[in-house]
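# Fold and contact review
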Amino acid sequence: MGSDALFYVFGAIAIAASLLVIAQRNPIYSVLLLITSFGALSGLYVLLDAPFVAVIQIIVYAGAIMVLFLFVVMLLNAPHEETPYDERVHPLLREGPTRFGGALALALVAELVWALTRRSGSGAFAGASASSVSAIGRSLFTDYGLAFEVTSVLILVAMVGAVVLARRDPVSRDRTAAGGDR
Amino acid sequence: MTPLLMAQLVLTLFVFVALLSSSAVMVYVERKVAALLQQRFGPYLVGPSGLLQPFADVLKLLFKEELRPGAADAILFAIAPVISATAAFAAFAVVPFGASTTFFGLLSEPLRLQVADVNVAVLVIFAIASMNVYGIVLAGWSSNSKYSLLGGLRSSAQMISYELSYGLALAGVILIGNSLSVTDLVNHQAGAWFGFIPRWSVFVQPIGFLIFMIAGIAETNRAPFDFPEAEQELVAGYHAEYSSMSFAMFFLAEYINMVTVSAVTVDLFLGGWHGPFLPESLGWIWFLAKTGALLFFYVWMRWTLPRYRYDQLMSFGWKVLLPLSVINLLVTAAGVLYFGV
Amino acid sequence: MPTLNSYLVLSAILFSIGAAGVFLRRNLITILLSIEIMLNAVNLTFVAFGRALGSADGQIIVFFVMTVAAAEAAVGLAIVIGLFRHRESLNPDSFTSLRW
């Protein structure tokens, strides 16, 4: 009974926060609202008997990836988007392609809901949940061992790639008085 | 409203009040110990030997004017201390501080002295510790002042760098205790070898303990890792623009983080509430004593060691502590595999 | 009484919100954030199905999705930083020099 109400509470928070994420002009507010949405999703994972995934969601997504986003937003310090549209109208309410896109998004919701709920079976949850953390760990290192190792290589590649891509070009030796590094 | 539920509510309230008062006690202890280390008196005017000094401090902070820089982002400026304080309190929610007790038979079943009994408690502590970064970086950014911004960014970069070693040191203890629940890890340390050496994890994982303590000190931005908030360097860093109760909340958050890191260290490495002479139900006395010893060690380190420069701090975290914690984990895993657990 | 369908409807709504954000916003960072929303909706679907079918595979796939999302966010943000240094703008409409 209490967990039913919690599902609706967490679901409402997740949807409201995500809507606000795409509706904010200031990217810092978007990042913070997305963290709220991740927190609500973490609560939903706990309701789905997946406490490990819930905690990993907070540690990885809300605690690491969003910090990365926040740092980049602060580094770039470009809070407003410049568009050829009228600046006074909210980005999501502008005429033309934006409104049509909004209508298409609603159509997408309808299609996804139709596609996902067309299954046989009652849809209620099975009795007991299978997984404990040790079961997940065992399966991760045996059945999915190759994927695990490939993922670690992927992270290494991403680290090296991010450092290379974000590095400033080395400044040339004879710097003129007028120029900086760009 | 069963008696058990009421007891849990009372326990939650008790933990909250205890954390608040521990922060006040730490204010006094820090100033008194610092004074004694520096061969001066410290607070001695307010109350008998200065014991009411924290109250005087809180009253002073309450009566100060609450300022906000004009160009500061109002919402973020207001939220940042709240995030810091909330994360600090929330991390203590899964830390057990005593054995299960029935309070002399008043309750029908034993109540764990832990606000929330989660079976992935160690990870929850780590998760909430990684939320501390947001309070600091938002405080630095929203103050719209260069010292605050630099202090905030440096402080948060330091915290996320040392989180890695923090987590890997935790992983070593988890391997030995074979569980993610803090209560299980504590109970794994009951008893003694040869009758007199207690089975604390610190004897099995000495390097892990050192790494955990050092990373914990860096996580809480305490000396010798307090470059981003030192008065001599960055005009108090990320909380430079805060005054009155917002500043008090950052202070509170820092002390409660210290208490939490000490409590977690005691639970995971130093045997929690197990101790030689007292019965199980009075184990919280041992817990308090050990946590108090670690807090004294924190204060002692602050007033004894010079602080690291920021680049030395970061290179220490990445080039020394992280490889050491990885090697520790590998050796622990090899040992667990070979000797069995 | 939330059934599997309720979780799937919720994740469909979140996915569409993310997709709308990717297509409608003209700010590179917000686009990346919307991609993260979409990935989270997919994670929720995986965990919900894993729970309904009683297997741990749902949670394991979520583990991999999270890792890939982290890698993609890191590289994507590095690219955004590089682009910003070029044009001083975060609007994808100003990076059209490859268009004929």
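Residues numbered from 1 in each chain as written. Chains lettered and ligands numbered in written order. Predicted model: local features only at pLDDT ≥ 70, side-chain atom pairs only at ≥ 80, totals over all residues.

Glancing now at the overall build of chain C. Secondary structure summary: chain C contains 3 helices and 0 strands in total. Its helices and strands taken in sequence order, chain C reads α-α-α from the N to the C terminus. A compact globule built from 100 residues would reach a C-alpha radius of gyration of about 13 Å, whereas chain C, at 17 Å, exceeds it by more than 25%. Projecting the C-alpha coordinates of chain C onto the three principal axes gives extents of approximately 50 × 25 × 25 Å. Looking at the 100 residues of chain C, the share that counts as buried comes to 60%. In chain C, once contacts between residues fewer than 6 apart in sequence are set aside, the share between residues at least 24 apart is 46%. (Helix = DSSP H or I, 4+ residues; strand = E, 2+ residues; numbered from the N terminus. Rg over C-alpha atoms; globule rule 2.2 N^0.38 Å. Buried ≥ 20, exposed ≤ 12 C-beta atoms within 10 Å, placed from the backbone. Contact = placed C-beta atoms within 7 Å.)

The next point concerns the overall build of chain A. Along the backbone of chain A there are 6 helices and 0 strands. Beginning at the N terminus, the succession of helices and strands in chain A can be written as α-α-α-α-α-α. Counting all 182 residues of chain A, 29% fall into the buried class. Residue pairs in contact within chain A that sit at least 24 positions apart in sequence constitute 48% of those at least 6 positions apart.

When its domains are assigned, chain A resolves into domain 1 (1-80) and domain 2 (132-169). A C-alpha centroid distance of 23 Å is found between domain 1 of chain A and domain 2 of chain A. (Domains from an automatic or database assignment.)

Let's shift gears to the confidence of the model for chain A. Summing up the model confidence of chain A, the mean pLDDT is 82 and the portion of residues at 70 or higher is 77%. The low-confidence segment residues 177-182 of chain A, where pLDDT is below 50, has 3 contacts with residues more than four positions distant or belonging to other chains. (pLDDT = per-residue confidence, 0-100.)

Before going further, it helps to spend a moment on the confidence of the model for chain C. Regions with low pLDDT carry predicted coordinates that are not meant to be interpreted in detail. Predicted confidence across chain C gives a mean pLDDT of 90, with 100% of residues reaching 70 or more. Interface confidence for the predicted complex, given as ipTM, is 0.91, next to a pTM of 0.88.

This part takes up the interface of chain C and chain A. Taken together, the contact between chain C and chain A spans 63 residues of the former and 70 residues of the latter. Mapped by element, the contributors of at least two residues to the side of chain C that touches chain A are helix H1 (4-24), helix H2 (28-53) and helix H3 (57-87) of chain C. A total of 22 residues in the side of chain C that touches chain A trace back to one element, the largest contributor, which is H3(C). Its residues assigned to classes, the side of chain C that touches chain A comprises 42 nonpolar, 16 polar and 5 charged. (Nonpolar A, V, L, I, M, F, W, Y, C, P; charged D, E, K, R; others polar.)

Residue and element names in this part refer to chain A. Here helix H3 (residues 51-76) contains 26 residues, and its C-alpha end-to-end distance of 36 Å stays within 8% of the 38 Å for a straight helix at 1.5 Å per residue. The element H3 is extensively covered by neighbouring structure, given that 19 of its 26 residues are classed as buried. Just beyond H3, the residue with positive phi is Asn 77, at close to 55°. (Expected span 1.5 Å × (residues − 1).)

This part is about the interface of chain A and chain B. Reports of interface size often rely on the accessible area that becomes lost once the parts have come together. Counting residues at the interface gives 11 residues for chain A, matched by 14 residues for chain B. At 10 residues, H3(A) tops the list of elements feeding residues into the side of chain A that touches chain B. Among the residues forming the side of chain A that touches chain B, the class breakdown is 10 nonpolar, 1 polar and no charged.

Ranked by internal contacts, the top residues of the largest apolar core, which has 169 residues, are Val31(A), Val55(A), Met66(A), Phe69(A), Val122(B), Val124(B) and Ile125(B). Residue contributions to this core reach at least three from each of two domains, namely domain 1 (1-80) and domain 2 (132-169) of chain A. If sequence neighbours within four positions are ignored, Val124(B) has contacts with Val55(A), Val94(B) and Val118(B). (Core = buried A, V, L, I, M, F, W, Y, C linked by C-beta atoms within 7 Å.)

Position of Val160(A) among the secondary structure elements: in helix H6 (residues 145-166). Placed 131 residues apart in sequence, Val160(A) and Tyr29(A) show a C-alpha to C-alpha distance of 29 Å.

With that out of the way, let us pick up the environment of Leu8(C). Topologically, Leu8(C) is positioned in helix H1. Separated by 40 residues in the primary sequence, Leu8(C) and Ala48(C) place their C-alpha atoms 7.6 Å from one another. In contact with Leu8(C), not counting residues within four places along its chain, are Leu116(A), Thr117(A), Thr45(C) and Ala48(C).

Now for helix H5 (residues 132-142) of chain B. Most of H5(B) sits out of view: 11 of its 11 residues are buried. All of the buried residues in H5(B) are Asn132(B), Val133(B), Tyr134(B), Gly135(B), Ile136(B), Val137(B), Leu138(B), Ala139(B), Gly140(B), Trp141(B) and Ser142(B). Considering only its buried residues, H5(B) is in contact with H3 of chain A together with helix H3 (74-91), helix H4 (121-129), helix H6 (146-177) and helix H11 (244-269) of chain B. Where H5(B) ends, the next residue or the one after it, Asn144(B), has phi of about 60°, a positive value.

Its identity as a non-glycine residue notwithstanding, Asp49(A) has a phi of 60°, on the positive side. As for its placement among the helices and strands, Asp49(A) is situated in the loop between helix H2 (27-47) and H3. One non-glycine residue, Gln39(B), lies in positive phi territory at about 60°. Position of Gln39(B) relative to the elements: it lies in the loop between helix H1 (3-37) and helix H2 (53-63).

This paragraph deals with the packing of helix H1 (residues 2-23) of chain A against H2(C). Relative orientation of the contacting elements H1(A) and H2(C) amounts to 160°, with a least axis distance of 9 Å. Here H1(A) is positioned roughly antiparallel relative to H2(C), judged by the angle of their axes. The chirality of how H1(A) crosses H2(C) is left-handed. In this structure, H1(A) contributes Ser18(A), Val21(A) and Ile22(A) to the contact, and H2(C) contributes Thr30(C), Leu33(C), Ser34(C) and Ile37(C). Tallied by class, residues from the contact of H1(A) with H2(C) come to 4 nonpolar, 3 polar and no charged. (Axes fitted to C-alpha atoms, helices over the stretch in contact; angles between N-to-C directions. Parallel < 35°, antiparallel > 145°, perpendicular 65-115°, else oblique. Left-handed = near helix turned anticlockwise from the far one by under 90°.)

What follows is about the packing of H1(B) against H11(B). Working note: a packed helix pair is described by the angle between its axes plus the distance between those axes. Residues and elements named next belong to chain B. Closest axis-to-axis distance for the H1/H11 pair is 9 Å, and the angle between their directions is 100°. As the angle between them shows, H1 and H11 are arranged roughly perpendicular. Within the contact between the two elements, H1 uses Leu 19, Ser 22, Ser 23 and Met 26 and H11 uses Leu 252, Tyr 255, Ile 256, Met 258 and Val 259. Each residue belonging to the contact of H1 with H11 can be placed in one class, and the counts come to 7 nonpolar, 2 polar and no charged.

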